[in-house]
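Descriptive structure summary
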Amino acid sequence: MINNVGIFDCTLREVGYQTGWYFSDEFVKNLYKFALGKGIDYVELGFFHNEQADPGKGNFRYCSIRNDEIKETFKHVKNITKLAAMRDVQRPLSELVPKKDSIIDTIRLLTRSHETDFAVLEEHVKLCHDLGYEVFINFTSAGYNSMDKNAEFAEFASKVGVKSVEFADTESVMTKDYVTNTIKICHDAGLKVGVHLHDKNGTAEELADLALSLGADYMDVTHLGLGGKWRDGNLTMEYLLRKFGVKGGYESTIIKNELIEELIKYHEYSVAE
């Protein structure tokens, strides 16, 4: 945690759309060690997708199924920085292993705002809690939500006892008023709140400044702002570190170079094909 803000490094999950969630062990370990050294709270690996429904991807697309392989990658580096993965409740999923057997610490339940079914979502929250995981809810495509809808989401999240609720600006349409009102709604409900800002319109830093000034509890970033299904980019790690007065140093330069090298590698299963 830096300046009382919890930070998710989403680089692996987001850039996975370009690499097919294949990354070298060396890069993954260096990314994790960077996060650990800079006070980053979470490194988010990928998803819990069903391999039969979504074949041909790397380990981090199937975090539960590939638990043993991912454990092997992190066995000499895992420390207090937590590992997270997203569970997309509107897509075919793999079964979860109990937290005591898993390398994953935290599950972020992804639900598309306009497709959210509270009964289904509550079942997922209960399952993850029962298995021992820390649980967040991420409402994606949230920028089109009314404040009444966000108030419903906040009330639900408070009721089911998740760690935090987070709103993703998937289409880069959030405004200053939207961010201000949404954070107030969540805090008034006694709920921690985070934001995941895409940068399609160049507004991510401006909205992040506002969110931080209003006491946002969590922030998502990626190195160089890279990633996303539509290559639309994210709030950058570099921005957030500068904002908090943390020097990336030589380690940051190494990570950025290695990330570009990972992207240059050709994979026939990548969306870059």
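These remarks concern the structure in this document. (Residues numbered from 1 in each chain as written. Predicted model: local features only at pLDDT ≥ 70, side-chain atom pairs only at ≥ 80, totals over all residues. Heavy atoms only, no water.)

Summarising the element assignment, Ala85 is placed in strand E3 (residues 82-88). Assessed through its relative accessible area of 0%, Ala85 is described here as buried. When the C-alpha positions of Ala85 and Phe47 are compared, they lie 5.3 Å apart, and in sequence the two are 38 residues distant. Not counting residues up to four positions away in its chain, the partners in contact with Ala85 are Glu44, Gly46, Phe48, Cys63, Ile104, Thr106, Ile107 and Arg108. (Helix = DSSP H or I, 4+ residues; strand = E, 2+ residues; numbered from the N terminus. Buried < 20%, exposed > 50% of the residue type's maximum accessible area, 1.4 Å probe, protein only. Contact = heavy atoms within 4.5 Å.)

Looking now at the packing of helix H6 (residues 176-188) against helix H7 (residues 204-213). Contact pair H6 / H7: the axes reach a minimum separation of 10 Å and the direction vectors enclose 30°. The orientation of H6 relative to H7 falls into the category roughly parallel. Remark: the crossing between H6 and H7 carries right-handed chirality. Contacts from Lys176, Val179, Thr180 and Ile183 in H6 reach Glu206, Leu207, Leu210 and Ala211 in H7. Classifying every residue of the contact of H6 with H7 by side-chain character gives five nonpolar, one polar and two charged. (Axes fitted to C-alpha atoms, helices over the stretch in contact; angles between N-to-C directions. Parallel < 35°, antiparallel > 145°, perpendicular 65-115°, else oblique. Left-handed = near helix turned anticlockwise from the far one by under 90°. Nonpolar A, V, L, I, M, F, W, Y, C, P; charged D, E, K, R; others polar.)

The subject of this paragraph is the packing of aromatic side chains. Taken as a whole and judged by the stated rule, the model has 15 aromatic pairs. When the centroid spacing of 4.1 Å and the interplanar angle of 5° are considered together, the rings of Phe8 and Tyr42 count as stacked. Remark: Tyr42 occurs in strand E2 (residues 42-47) and Phe8 occurs in strand E1 (residues 6-9); sequence separation between them is 34 residues. For the pair Phe8 and Tyr42, one class covers both residues: buried. Judged by centre distance (3.9 Å) and plane angle (5°), the ring pair of Phe139 and Phe153 falls under stacked. Highlighted residues: Phe139 in strand E5 (residues 134-140) and Phe153 in helix H5 (residues 147-160), separated in sequence by 14 residues. The exposure class of Phe139 is buried, given its relative accessible area of 0%. Over the face of the ring belonging to Phe47 we find Arg61, whose NZ or CZ atom lies 5.0 Å from the ring centre. (Phe/Tyr/Trp six-rings, centres within 6.5 Å; stacked < 30°, edge-to-face > 60°. Lys NZ or Arg CZ within 6 Å of the ring centre and 35° of its normal.)

Once that is clear, we can look at unusual backbone geometry. Even without glycine at this site, Asn4 takes up a positive phi of about 65°. By the element assignment, Asn4 lies in the segment before E1. Judged by relative accessible area, Asn4 falls into the exposed class, the value being 66%. With a phi angle near 65°, Leu224 is a residue other than glycine that sits in the positive phi range. When you line up the elements, Leu224 lands in the loop between strand E8 (218-221) and helix H8 (237-243).

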